[in-house]
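Analysis of the macromolecular model
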Amino acid sequence: MRDMMASQRTFQCRDLEEALREESPELMAALEVHAKSCTACEQELLVWREISVAAQEMKKEWSSPTLWPRIAQGLKEEAAKPKTWRTWFAMPGGIPLVRWQLALAAALLLMISGMSGWLMLHRAARIAPDNQHLLTDQAVRDVEKAQQAYEQSIDKLAALAQPKLDSAATPLMMNYREKLELLNAAIADCRTNLAQNQANAYLRRQLLGFYQEKERTLQDVLQGE
Amino acid sequence: MQFEGTLSWQGAVQEFGLSRPDDPALVRSREEARAEDSLLADACRSGAVDAYERLYQLQGARMKSIAMNLLGNAHDAEDVVQETFLKVHRGIHHFKGQSAFSTWVYRILLNSCYDARRRRIRHPETSEQDLVEEGETYETPTKGSNHPLRLTLEKCVAALTPHLRSVFLLYEVEGFKHSEIGNILGVSEMASKNALYQAKRKLRDMLTERGGASAVAGGRDA
């Protein structure tokens, strides 16, 4: 109670954000008191609450008499299907014999691939210890060059699609815009990571994937109405 | 049936759901609720269809509402709810009980909704038909009376990023707690609070641009 009174006495406009973010009873009570003498905060609080009230009306209710029968039918069909190896493996009991054999096979496979990898790496290092670094650098430069050309072509595509995205009026076009924003953010993140490790093939593949997705999306935007 | 004889969850989970602590309907303690949730998970794990029916009775309406708000039409929403039940059935053995069973189910539901949205984006030819339906089903009956801001708010919510939209819908529309939202979306409680704040700020800005919020606030003022 003392805390509440203290916060009521000291509440200022700059505390508004914290109050709305935290929504703690003490801060909200203090905000309400403050709002009585501050029009700006009062308006903000009013809009904030209207959003919450209107949001409660967004709850959807409709009867779906056929939905449960459909689900039940689907569940029965699922249950009738023969179990896959994944299911058996995932089951807590599983089949002990199969699990034991699979585990042994996996361990052997891991050992063989590990040994092969070790041998290959050491053999490669013996053959060309000095050229290895140069070859990697050259490969990275080639990839960078190809990537730049690809990016430029996508930028051209983006420039063509931009007017359509700017005037997006349909939910579909807004979805495209949102997706492209997400892709651009992902590309920027990926590029930042790549700048720290240029020879990382995984990041390069990921970046390529993002660009391809962006290209497809831009094409969809240009083809869409 | 062996399941019916060995498990007594059916009566025990009458009122169990995900509600805020100040909800007057919540009369059971958290421990009891957890135990009931666990019983329902075990029952579903046993594969009994009536366990899934109970899950549907408890969470189906809320699942449909979330899916409808994320996908925009009742047809897709029902499809996704059905898909979620099948995924729960297929993946129940992976559920380790680290979170509430219902939280896990909602996580699958949300992922299924986003998969459905992605499919729609990839196949615009089918989504055109969906959009026609979307326009029609925006008028799906809502709970209570129509708030003057509802339709505008729905459009603004649809323009939020997927994460902000999910947090807003789960908290403000469906009444989940931030801790539950954190578990569903795999984020911290604080991150959920921050996302809700950001979502509401963006909505306020969008509504102000459209004249919606200012009109409501102005109306109240007058």
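Before any of the text, the structure's been laid out above.
Here is what the cut-offs are and how they apply
- Residues numbered from 1 in each chain as written.
- Chains lettered and ligands numbered in written order.
- Predicted model: local features only at pLDDT ≥ 70, side-chain atom pairs only at ≥ 80, totals over all residues.
- Heavy atoms only, no water.
- Helix = DSSP H or I, 4+ residues; strand = E, 2+ residues; numbered from the N terminus.
- Buried < 20%, exposed > 50% of the residue type's maximum accessible area, 1.4 Å probe, protein only.
- Contact = heavy atoms within 4.5 Å.
- Areas by Shrake-Rupley, 256 points an atom, 1.4 Å probe, with all protein chains shown as cover.
- Buried area = accessible area lost by both parts, 1.4 Å probe.
- Salt bridge = Lys/Arg side-chain N within 4 Å of Asp/Glu carboxyl O.
- Polar contact = N/O pair within 3.5 Å; in protein donor to acceptor, adjacent residues only side chain to side chain.
- Axes fitted to C-alpha atoms, helices over the stretch in contact; angles between N-to-C directions.
- Parallel < 35°, antiparallel > 145°, perpendicular 65-115°, else oblique.
- Left-handed = near helix turned anticlockwise from the far one by under 90°.
- Nonpolar A, V, L, I, M, F, W, Y, C, P; charged D, E, K, R; others polar.
- Lys, Arg positive; Asp, Glu negative; His and termini not counted.
- Phe/Tyr/Trp six-rings, centres within 6.5 Å; stacked < 30°, edge-to-face > 60°.
- Lys NZ or Arg CZ within 6 Å of the ring centre and 35° of its normal.
- Core = buried A, V, L, I, M, F, W, Y, C linked by side-chain atoms within 4.5 Å.
- 1 Å grid on protein atoms, 1.4 Å probe; cavity = no way out; pocket = protein on both sides within 12 Å on 5 of 7 lines; lining within 4 Å.
- Points joined across faces, edges and corners; volume = space filled by probe spheres on them.

Glancing now at the overall build of chain B. Looking only at helices and strands, one finds twelve helices and zero strands in chain B. Listed by position from the N terminus, the elements making up chain B come as α-α-α-α-α-α-α-α-α-α-α-α. Split into buried and exposed, the 222 residues of chain B put 53% on the buried side. Here the analysis covers contacts within chain B between residues at least 6 apart in sequence; of these, 70% occur between residues at least 24 apart. Total accessible area on chain B is roughly 10,100 Å²; 50% of this is exposed by carbon and sulfur atoms.

Here we come to the overall build of chain A. What chain A contains, in helices and strands, is ten helices and zero strands. Helices and strands in chain A line up, N terminus first, as α-α-α-α-α-α-α-α-α-α. With 225 residues in all, chain A has 32% of them scored as buried. Summarising the internal contacts of chain A: among those between residues at least 6 apart in sequence, 51% fall at separations of at least 24. Carbon and sulfur atoms provide 60% of the accessible area of chain A, an area that totals close to 15,000 Å².

Let us now look at the interface of chain A and chain B. Taken together, the 49 residues of chain A in the interface contact 68 residues of chain B. For the pair chain A and chain B, the two sides together bury roughly 5,500 Å², of which 61% comes from carbon and sulfur. Contact with chain B buries surface across chain A, with Met58, Lys60 and Trp62 of chain A losing the most and accounting together for 14% of the total. Seen at the junction of chain A and chain B, the total is nine salt bridges. Glu178 of chain A is paired through a salt bridge with Arg165 of chain B; the nearest N and O atoms lie 3.2 Å apart. Across the contact surface, chain A and chain B share 19 residue pairs in polar contact (both at pLDDT 80 or more). When contributions to the side of chain A that touches chain B are tallied by element, the ones reaching two or more residues are helix H2 (16-22), helix H4 (39-56), helix H5 (67-80), helix H9 (171-196) and helix H10 (201-223) of chain A.

Let us now look at helix H10 (residues 178-185) of chain B. Structural remark: α-helix, 3.6 residues per turn; residues separated by three or four positions point the same way. Residue and element names in this part refer to chain B. Taken together, the buried positions of H10 are occupied by His178, Glu180, Ile181, Gly182 and Ile184. Residues of H10 that are buried make contact with helix H6 (101-122), helix H9 (162-173) and helix H11 (189-210). Gly186, located one to two residues past H10, shows a positive phi value of around 70°.

All names here are of chain A. In contact at an axis separation of 8 Å, helix H3 (residues 25-35) and H4 are set at 130° when each is read in the N-to-C sense. When the axis of H3 is compared with that of H4, the two are oblique. Judged by the twist between their axes, the crossing of H3 over H4 is left-handed. Only Cys41, Glu42, Leu45 and Arg49 of H4 make contact with H3, whose side of the interface consists of Met28, Leu31, Glu32, His34 and Ala35. Of the residues that constitute the contact of H3 with H4, the class distribution is five nonpolar, one polar and three charged.

Okay, the side chain of Lys64 of chain B next. With respect to the helices, strands and loops of the structure, Lys64 of chain B is situated in helix H4 (residues 49-71). For the buried Lys64 of chain B, no salt bridge exists, and the shortest N-O distance to an oppositely charged side chain is 5.0 Å, to Glu78 of chain B.

Right, let's get into the packing of aromatic side chains. Per the stated rule, a full pass over the model turns up nine aromatic pairs over all chains. Considering the side-chain rings of Trp48 of chain A and Tyr197 of chain B, the 5.5 Å spacing of their centres and the 40° angle between planes classify their relative orientation as tilted. Taken as a pair, Trp48 of chain A in helix H4 and Tyr197 of chain B in helix H11 lie in two separate chains rather than in one. The pair Trp48 of chain A / Tyr197 of chain B is uniform in exposure class, with both members buried. Ring-pair connections join several aromatic residues into one group, and the members of that group are Trp68 of chain A together with Tyr56 and Phe85 of chain B. Sitting over the face of the ring of Phe176 of chain B, Arg62 of chain B holds its NZ or CZ atom 4.0 Å from the ring centroid. Positioned above the aromatic ring of Trp62 of chain A is the side chain of Lys64 of chain B, whose terminal nitrogen or guanidinium carbon lies 4.7 Å from the ring centre.

Turning our attention to the nonpolar core. In this structure, Phe101, Leu153, Phe168 and Leu203 of chain B are the most contacted members of the largest nonpolar core, which totals 67 residues. Setting aside residues up to four positions removed in sequence, Leu153 of chain B forms contacts with Ile51, Ala54, Ala55 and Met58 of chain A together with Phe168, Leu203 and Leu207 of chain B. Ala161, Ala168, Leu172 and Val221 of chain A belong to the second largest nonpolar core, which has 20 residues in total.

Let's shift gears to empty space enclosed by the protein. Unoccupied space between atoms shows up once a probe the size of one water molecule is rolled over them. One pass over the full model with this rule turns up one cavity of 30 Å³ or more. Lining the largest cavity are Leu20, Arg21, Glu23 and Trp48 of chain A together with Lys193, Leu196, Tyr197 and Lys200 of chain B. For the lining of the largest cavity, the elements supplying multiple residues, two or more each, are H2 of chain A together with H11 of chain B. A total of four residues in the lining of the largest cavity trace back to one element, the largest contributor, which is H11 of chain B.

Looking at the secondary structure, you find Leu164 of chain B in helix H9. When the C-alpha positions of Leu164 of chain B and Asn194 of chain B are compared, they lie 9.4 Å apart, and in sequence the two are 30 residues distant.

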